[in-house]
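# Chains, contacts and geometry: an overview
Below are the chains, spelled out letter by letter.
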Amino acid sequence: MKRAFDFILALFLILLFLPIFIILSLCIYFTMGSPILFRQLRPGLHEKIFTIYKFRTMSEEKDANGGLLSDDIRLGRLGMFIRSTSLDELPQLFNILNGDMSFVGPRPLLVDYLSLYNENQKKRHDVLPGVTGWAQVNGRNAISWEEKFELDLWYVEHHSFWLDIKILWLTLLKVIKRSGISSTNSVTAEKFGEANG
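Here goes a summary of the coordinates provided. (Residues numbered from 1 in each chain as written. Predicted model: local features only at pLDDT ≥ 70, side-chain atom pairs only at ≥ 80, totals over all residues. Heavy atoms only, no water.)

### Some details on the side chain of Thr 57
With respect to the helices and strands, the residue Thr 57 is situated in the loop between β2 (49-55) and α3 (71-84). On the basis of relative accessibility, which here comes to 7%, the residue Thr 57 falls in the buried class. Here the side chain of Thr 57 touches Arg 83 through a polar contact of 3.1 Å, side chain to side chain. (Helix = DSSP H or I, 4+ residues; strand = E, 2+ residues; numbered from the N terminus. Buried < 20%, exposed > 50% of the residue type's maximum accessible area, 1.4 Å probe, protein only. Polar contact = N/O pair within 3.5 Å; in protein donor to acceptor, adjacent residues only side chain to side chain.)

If you want it as C-alpha cells, here you go:
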C-alpha cells in the first residue's frame, strides 16, 4: 500500500509541478550555469547506496586561490529562495518513482556516516529513507543528532500509513509557514562526526 501510494502520488506531482521544474531549471542555468541538479550518493534501505537528486542551490564561485567561497556567499538569493521553500527537494520525486525513497522515512544521510552509527542507530536503514520524516516535523535542524536518531528510530518502530499521512500534513504546514529553515548564517548543517567529536 505504501509503495503504491508513493508511486501514484510522485507521478501525479511530477506532472503537476512540471512547469515549476522547467522554470527552476532555467533560473538555475542562467544564474549559476550547469549542472542544474545536485547529485550525491546516499545510503538507503538496508544501506544500499543510491544517487539522490536535488535542485542545485549553490554556485561554484571561487576565490583568487581557486578555492570555493563560503557557503553563505555561494548560496545567493535564488539558492536561499529555493531552500526556504523546499523546492530543492522536488527532484527527489524521481527517487521515489525509482523506489530508492519514500515520501516519509528517515532522511538519507551521508555515506560517510555509516561507519559512525552504533547498532541501534543502524536500524534507521530498516525502512526506505524519506523526503520528510518524523524528525523533520519535530525540530529538523533545531535538535541534536541524538534527538534526530531517537525520532528516526521511533518512526521505524511505529510507522504506518496513517502516521505517514500525519507527517505529510505537518510537513506541508511547515513548508507553508517556512519554519525550521536554516538562515544564511548557517546554510550547512553540522556534520554528525563533528557533533560527536
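Still more ground to cover, so stick around.
### Notes on the pairing of strand β1 (residues 37-43)
In this structure, β1 lies alongside β2, joined through 7 bridges in antiparallel fashion. When the bridges of β2 are listed, Leu 37 appears paired with Phe 55. Adjacent in sequence and paired antiparallel, β1 and β2 are bridged by 5 residues, among which His 46 carries a positive phi angle near 55°. (Pairing = 2+ DSSP bridges.)

### Structural notes on the environment of Ser 144
Structurally, the position occupied by Ser 144 is in the loop between β4 (130-132) and α5 (145-158). Residues Ser 144 and Phe 192 lie 48 residues apart in sequence; the distance between their C-alpha atoms is 9.5 Å.

### As for the nonpolar core
If you look at the biggest cluster of nonpolar residues, it comprises 29 residues, and the most contacted ones within it are Phe 55, Leu 93, Phe 103, Trp 134, Tyr 155 and Ile 167. Looking at this core, the elements that each hand over two or more residues are α1 (2-16), α2 (18-32), β2, α4 (92-98), β3 (102-104), α5 and α6 (161-177). If one sorts the elements of this core by residue count, α2 sits on top with 4 residues. Residue contacts for Phe 55: discarding those within four places in its chain leaves Phe 21, Leu 24, Ser 25, Ile 28, Ile 36, Leu 37, Phe 38, Ile 82, Leu 87, Asp 88, Leu 90 and Pro 91. Formed by 7 residues, the second largest nonpolar core is a distinct cluster that contains Leu 109, Tyr 117, Trp 145 and Phe 149. (Core = buried A, V, L, I, M, F, W, Y, C linked by side-chain atoms within 4.5 Å. Contact = heavy atoms within 4.5 Å.)

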